[in-house]
Amino acid sequence: MQYTPEENQPVDTPAGALTVDEYHEIHEEIDNQPREWRPIADREMDYAEGNQLKTELLEAQRQLGIPPSMENLIGAALEGIRGYEEATRTDWRVTANGQPGGQDVADAISFKLNEAERHSKADDACGKAFYPQIGVGLGWVEVSKGDDPFGFPYQCLPVNRNEIHWDWASERDDMTDARWLRRQRWMHASRLARVFPEHAELIRRFGQAGTGWWGSYSGEDVGGQSTGLNRAWDVAREWTIQEDRWHNPHNKEVCATELWYRRWVDVVVLKSPDGRVVEYDEANPAHVHAVANKLVEFRRAVVARVRRSYWLGPHVLFDGPTPYSHRYFPYAPFWGFREDSTRVPFGYIRNMLYQQDTLNSGNSRLRWGMSAYRVERTKGAVAMADDVFRRTVGRLDADIVLDPAHMAQPGATFKVERDFQMNAQQLDMLANARQAIERVNPAAAGAFSGRRGTATSGIQEQTQVEQANQSLAHMMGNFKRGRTMVGEMLMAMIVQDMGRDETVVVIEGDAITPERTIVINRPETDAAGYPYLSNDLQRTRLMVGLEDVPSSPTYRGQQLNVLSEVAKSMPPQFQAVVMPMMASLMDMPFKRQLVQALQQAGAQESPEQVEQRIQQAVQDALAKAGNDLKARELDMKERLTEAQIRKVVADAVQSGIAGTFAAMQAGEKIAMNPLIAPIGDIVMKQAGWQAPDPVGQDPNIPAPEQAQMVQDPGGLPGDTDPLTPQAPMQPQSPAIGAGQGIETLRAD
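**Here's the deal with the overall build of the protein chain**
Thinking step 1. Helix and strand counts for the protein chain stand at 26 helices and 20 strands.
Thinking step 2. A total of 748 residues make up the protein chain; the buried ones form 33% of that total.
Thinking step 3. Here the contacts in the protein chain between residues at least 6 apart in sequence split such that 68% fall between residues at least 24 apart.
Thinking step 4. Of the roughly 47300 Å² of accessible surface on the protein chain, 54% is carried by carbon and sulfur atoms.

Structure (structure tokens):
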């Protein structure tokens, strides 16, 4: 076929609905994609499910009389990984990016998202997609609006990998750069006609005769029929794809095709100072005002618009824009491993197939070898038919009759042997095959799957489990990215349905957090009188992101054990604070009541606190009765009495010291001049002195062993005052009194 230069020129992607020619090109592109991996993946999943007895090796052994045997280690390894995913399963939580007003909106959407996660069966769908992901490298989850108007508005369903074909040139794991994605489903024509009533006649005829329905259709019999059917007749005559792809003549089912595709268009986008990017709309006055006043930045960009169409063979049943606000196809891929050159997906089973076949065939040969016998005999040695002899020789109670005439001949032989050495070699081969499966897949190791491994201590066991977890890091990371994509689709649908309508979200409390109410899109007026929406969802939806929060019972049990060990070393008052949090991690039906009882018990007062409260109450009552002034007066008198007592004690000490000093001065005078003693007695008698009764005590003032001469005795000649030297007068200033007084050391 000759092509004109115009036909060789590249053409731009057309806008609008998908044409039949484009649809035909997509099918031809699918036919030229790598297809061998799909039957290989089906065979690998059969191995994981235990369908391993129809292999070429076992079939060849069966022809040799070796019975089949199977020991499914692949399924056990995958079950261990799937159990690990369920044990470490997490919930979605929406978090704000730090801008004002975003936390309330994030909490409201997070509550709605967790509700959608439960009712849409998102966890179950992701778990079912995880099994083929680890097995053959690919699983799919559909995230869409619910079909049942009486059920939950959103649904998450696992999809078989053979139902979906995608643009093989796509390089991103989320397929945001893919041109198209096709899903095919077989259903009865009557059900499909209910979904598309405007094409009911076409679907009915298609279900009866397939793509060749036009052969029984006459152009003259068009009375009362739509012109769309006549157009469908022309399209069906031009269609060349095989009929068996669209119609099953046995059960009259038809294959409906759901095709999602992208159209790339040139648009003008606006970027606000807060980072929001929107498409320019000429009909929006706010956009026109922002551009005219240079409040935003604008530029041209090429963006993709997602569309969907439904086909029945060559006939289009519907074509229109996507009903969702997100930019994904509503199918989330869960990738395993992918080949570098062809990007063909594969999983853990690929590397375990050969060792699994070796193990199965080795088991078969070992069991057969344990019961097999090797007979060496000359012809005519046994007196029975050969087939009867072969059935009899393997029995434990075999009764073999030999022909005596033949055995009497020279060279006659009859021997039955068993080869035990070959069985020992097979045992070694089987052990090597089991270990090889663990080597190619660390998740099949005993430490990870619960079997007894090679560890001899708890630390070594924990190290081996951590190493097995590290081998799963890439696969678990891909699963997390696919699950996050499912959460983003659900969140986009929730935000789209809430729109700009005022919505009250009541966040249920738990054992620790009380119930909370958040109003989304509440109309309010600012100080200048301009109306606005508080907690504006449409402005805040770009301020949130998804992060995973562990929620499995295993995780809660681990947290409870860690918190229990920490609480053991805490003081009692700290343990009372931690107890409600520990109770919230327990899995029991009355958990909330237990936390409330613990909080109420923690709020009760200790005996010391009760006594202190009583004393405070008594003081408050006395103060209210007017007795506080009387108490203050008694306190002042008490302090005055204490000061007076201290003054009397100080005066007594001062008086004793002065008397002692005067007595010592008098003794000094008498010792220097004994003649003055009688004169002193007469003077004191005349003054009225009398001896004390009772007599005082000796103060026992210490005296030196040898008397010392006083060079300059105190007092002046003729001074008869017993208080010589006199007690110092109160000085006029501290400077004068510093060198005087009896406390000052002097020569006398």
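**Thoughts on the side chain of Gln355**
Thinking step 1. Looking at where Gln355 falls in the secondary structure, it is placed in helix H12 (residues 353–371).
Thinking step 2. When sequence neighbours within four positions are dropped, the list of residues in contact with Gln355 reads Ala433, Ala436 and Ile437.

**Here we look at helix H11 (residues 285–292)**
Thinking step 1. Sitting at the head of H11, Asn284 places a side-chain oxygen 3.0 Å from the backbone nitrogen of Ala286.
Thinking step 2. Immediately downstream of H11, the backbone of Lys294 shows phi near 55°, a positive value.

**Points about the pairing of strand S16 (residues 503–507)**
Thinking step 1. Residues Thr503, Val505 and Ile507 line the buried face of S16, whereas the alternating positions Val504 and Val506 sit on a face that is not buried.
Thinking step 2. Of the pairings in the sheet, the one linking S16 to strand S17 (residues 516–520) comprises five bridges and is antiparallel in character. Counterpart to Val506 in the pairing with S17 is Thr517.

**A word on the nonpolar core**
One recurring pattern in soluble globular proteins: nonpolar side chains tend to sit buried together.
Thinking step 1. One finds Trp140, Trp166, Val486 and Leu490 to be the most contacted residues of the largest nonpolar core, which totals 75 residues.
Thinking step 2. Here this core takes twelve residues from helix H18 (residues 473–498), the largest share from any one element.
Thinking step 3. If you look at the next biggest cluster of nonpolar residues, it comprises 21 residues, including Ile26, Ile30, Trp180 and Ala193.

**As for unusual backbone geometry**
Thinking step 1. Phi at Lys121 takes a positive value of approximately 60°, unusual for a residue other than glycine.
Thinking step 2. Relative to the assigned elements, Lys121 resides in the loop between helix H6 (102–119) and helix H7 (122–136).
Thinking step 3. A positive phi angle, near 55°, is found at Lys294, a position not held by glycine.
Thinking step 4. Considering the arrangement of structural elements, one finds Lys294 in the loop between H11 and strand S9 (297–312).
Thinking step 5. Exposure remark for Lys294: the relative accessible area of 74% places this residue in the exposed category.

Reading the values: the criteria
- Residues numbered from 1 in each chain as written.
- Predicted model: local features only at pLDDT ≥ 70, side-chain atom pairs only at ≥ 80, totals over all residues.
- Heavy atoms only, no water.
- Helix = DSSP H or I, 4+ residues; strand = E, 2+ residues; numbered from the N terminus.
- Buried < 20%, exposed > 50% of the residue type's maximum accessible area, 1.4 Å probe, protein only.
- Contact = heavy atoms within 4.5 Å.
- Areas by Shrake-Rupley, 256 points an atom, 1.4 Å probe, with all protein chains shown as cover.
- Polar contact = N/O pair within 3.5 Å; in protein donor to acceptor, adjacent residues only side chain to side chain.
- Pairing = 2+ DSSP bridges.
- Core = buried A, V, L, I, M, F, W, Y, C linked by side-chain atoms within 4.5 Å.

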